[in-house]
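Residue-level structure breakdown
What follows is each chain in one-letter form.
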Amino acid sequence: MDKIANAPAAPSGAISPAPADAVADLGVLREEIDRIDAAMHALLIERSQIIDRLVAVKRARGAESGSAFRPAREASMMRRIVDRHRGILPLDTVEGIWRVIISTFTYVQAPYAVHADLASGEPAMRDTSRFHFGFTVPFIGHMGAGGVVSAVARSRGDLGLVPAFAAPGAGAWWTALEGEHAPKIIARLPFVERADHPAGLPVFCIAHPVTDGAVTEVEVWSLHVSGWNGQAARALAPLAEIVAVPDRGLDGAALLASIPLDAEASLDTVLAALRASGVSVRAAALVGSHASRYTHTPQG
Ligand SMILES: C=C(O[C@@H]1C=C(C(=O)O)C=C[C@H]1O)C(=O)O
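Rules of the game
Residues numbered from 1 in each chain as written. Predicted model: local features only at pLDDT ≥ 70, side-chain atom pairs only at ≥ 80, totals over all residues. Heavy atoms only, no water. Helix = DSSP H or I, 4+ residues; strand = E, 2+ residues; numbered from the N terminus. Rg over C-alpha atoms; globule rule 2.2 N^0.38 Å. Buried < 20%, exposed > 50% of the residue type's maximum accessible area, 1.4 Å probe, protein only. Contact = heavy atoms within 4.5 Å. Areas by Shrake-Rupley, 256 points an atom, 1.4 Å probe, with all protein chains shown as cover. Pairing = 2+ DSSP bridges. Axes fitted to C-alpha atoms, helices over the stretch in contact; angles between N-to-C directions. Parallel < 35°, antiparallel > 145°, perpendicular 65-115°, else oblique. Nonpolar A, V, L, I, M, F, W, Y, C, P; charged D, E, K, R; others polar. Salt bridge = Lys/Arg side-chain N within 4 Å of Asp/Glu carboxyl O. Core = buried A, V, L, I, M, F, W, Y, C linked by side-chain atoms within 4.5 Å. Expected span 1.5 Å × (residues − 1). Left-handed = near helix turned anticlockwise from the far one by under 90°.

Identification of the protein as chorismate mutase from Ancylobacter koreensis is taken from an unreviewed UniProt entry.

Quick look at the structure:
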């Protein structure tokens, strides 16, 4: 029995049926949406074909190391996408769609897994990983940054995610990045920062040293110092972002210093500021670099 045909008549005052031309408009608009969806899908298929050609070119140039991830290129693509966005689709959605597109095309070029440090909270780290790398790229959790760094070191081209802030009890995990062939920090995520980012946990992305497409706007140094004090911390604040943990001895500290290279800041100015504050620097090793932090404000 046809329930609709037998439904009681709508009481007066209920929503009246849409006029015939509005129904026709809805049909036309839905056809437009189907056309756009088919065109977007066709463009993604066309993008895959370009990626196939890009893989062949990279192979021919011998540029293919372990990972196909190119941090400089990704940072500039994400900035452009965010800057040109307009309309009612939320920025979070646009950014998330392109993170999944780019990360998955990187994965189809050369499969990799993401190893993440869950020690400072699993939900935020899992959200961050899925936002930036999607669900096709395997996610592997570790209890601590040390496990992440060794998993990346053992892999062919995996990536690691470690909090980019002083996580309680984390220790000086970055000293494991000091050797010439040890993994390095190659990016800081999110590429585009903003106050209400849905996956805004600041993380360092770790990989085997990048030979092609590294970005060096911000250098990250591991420093071993003695005499670490509050005056030194204040003197460094305008020059570098510092994570400091106790290291070998009473006033010793291991520092992870992110130095945005510009007219004022460089390793030399940071070392000079440390010495002027009575801190002696025992060792310094470059443990990575990444793109400048880029902040989006709703006013642009
Ligand atoms: C396509 C490339 O490889 C990776 C995938 C990208 C993409 O799908 O757009 C961008 C940068 C790389 O991480 C590339 O090197 O250009």
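There's plenty left to go through after this.
**Thoughts on the overall build of the protein**
Helix and strand counts for the protein come out as eight helices and 11 strands. Taken over the C-alpha trace, the protein has a radius of gyration of 25 Å; the compact-globule value for 300 residues is 19 Å, which it surpasses by more than 25%. C-alpha atoms of the protein, sized along the principal axes, occupy 85 × 50 × 40 Å. In the protein, buried positions account for 43% of the 300 residues. Summarising the internal contacts of the protein: among those between residues at least 6 apart in sequence, 76% fall at separations of at least 24. Surface accessibility of the protein: about 16200 Å² in total, with carbon and sulfur atoms responsible for 59%.

**Thoughts on the pairing of strand β7 (residues 218-226)**
Counting buried residues in β7 gives nine out of nine residues, a clear majority hidden from the surface. Here β7 shows two buried faces, one formed by Val218, Val220, Ser222, His224 and Ser226 and the other by Glu219, Trp221, Leu223 and Val225. Relative to strand β9 (residues 252-260), β7 runs antiparallel, the two being bridged by nine bridges. Bridge pairing in β9 places histidine 224 opposite alanine 254.

**Digging into the packing of helix α4 (residues 91-109) against helix α5 (residues 122-133)**
Where α4 contacts α5, the two axes come as close as 6 Å, and the packing angle between them is 70 degrees. Looking at the two axes, α4 sits roughly perpendicular to α5. From α4, Asp92, Glu95, Gly96, Arg99, Val100 and Ser103 reach across to α5, where they touch Phe131, His132 and Phe133. Tallied by class, residues from the contact of α4 with α5 come to three nonpolar, three polar and three charged.

**Side note on the pattern of salt bridges**
For the structure on display, the rule yields 10 salt bridges. Salt-bridge contacts for glutamate 241 lead to arginine 188; the nearest nitrogen and oxygen are separated by 3.2 Å. Within this pair, whereas glutamate 241 is found in strand β8 (residues 241-246), its partner arginine 188 is found in strand β4 (residues 184-189), the two being separated by 53 residues in sequence. Since its relative accessible area comes to 9%, arginine 188 is described here as buried. When salt bridges with common partners are traced through the structure, they connect Arg188, Glu193, Glu241 and Arg293 into a single cluster.

**Regarding the nonpolar core**
Ranked by internal contacts, the top residues of the largest apolar core, which has 29 residues, are Phe69, Phe133, Leu159, Leu161, Ile186, Phe191 and Cys205. Every element with two or more residues in this core is listed here: α3 (71-84), α4, β1 (114-117), α5, β3 (159-163), β4 and β6 (203-207). Per-element accounting of this core gives the leading share, five residues, to α3. The contacts of leucine 159, once residues within four sequence positions are left out, are Ser67, Phe69, Tyr112, Ala113, Val114, His115, Phe133, Val152, Ile186, Cys205, Ile206 and Ala207.

**Description of α4**
Here α4 is 19 residues long and its end C-alpha atoms lie 27 Å apart, about the 27 Å a rise of 1.5 Å per residue gives. Buried residues of α4: Leu91, Val94, Glu95, Gly96, Arg99, Ile101, Ile102, Ser103, Thr104, Phe105, Thr106 and Gln109, and no others. Buried-residue contacts for α4 involve α2 (20-61), α3, α5 and β5 (192-193).

**Quick notes on the packing of α3 against α4**
Where α3 contacts α4, the axes come no closer than 10 Å and their chain directions differ by 150 degrees. Classified by the angle their axes make, α3 and α4 are roughly antiparallel. In this structure, α3 crosses over α4, and the sense of that crossing is right-handed. Where α3 approaches α4, its residues Glu74, Met77, Met78, Ile81 and Val82 are matched on the opposing element by Leu91, Val94, Glu95, Trp98, Arg99, Ile102 and Thr106. A breakdown of the residues in the contact of α3 with α4 according to their chemical character gives eight nonpolar, one polar and three charged.

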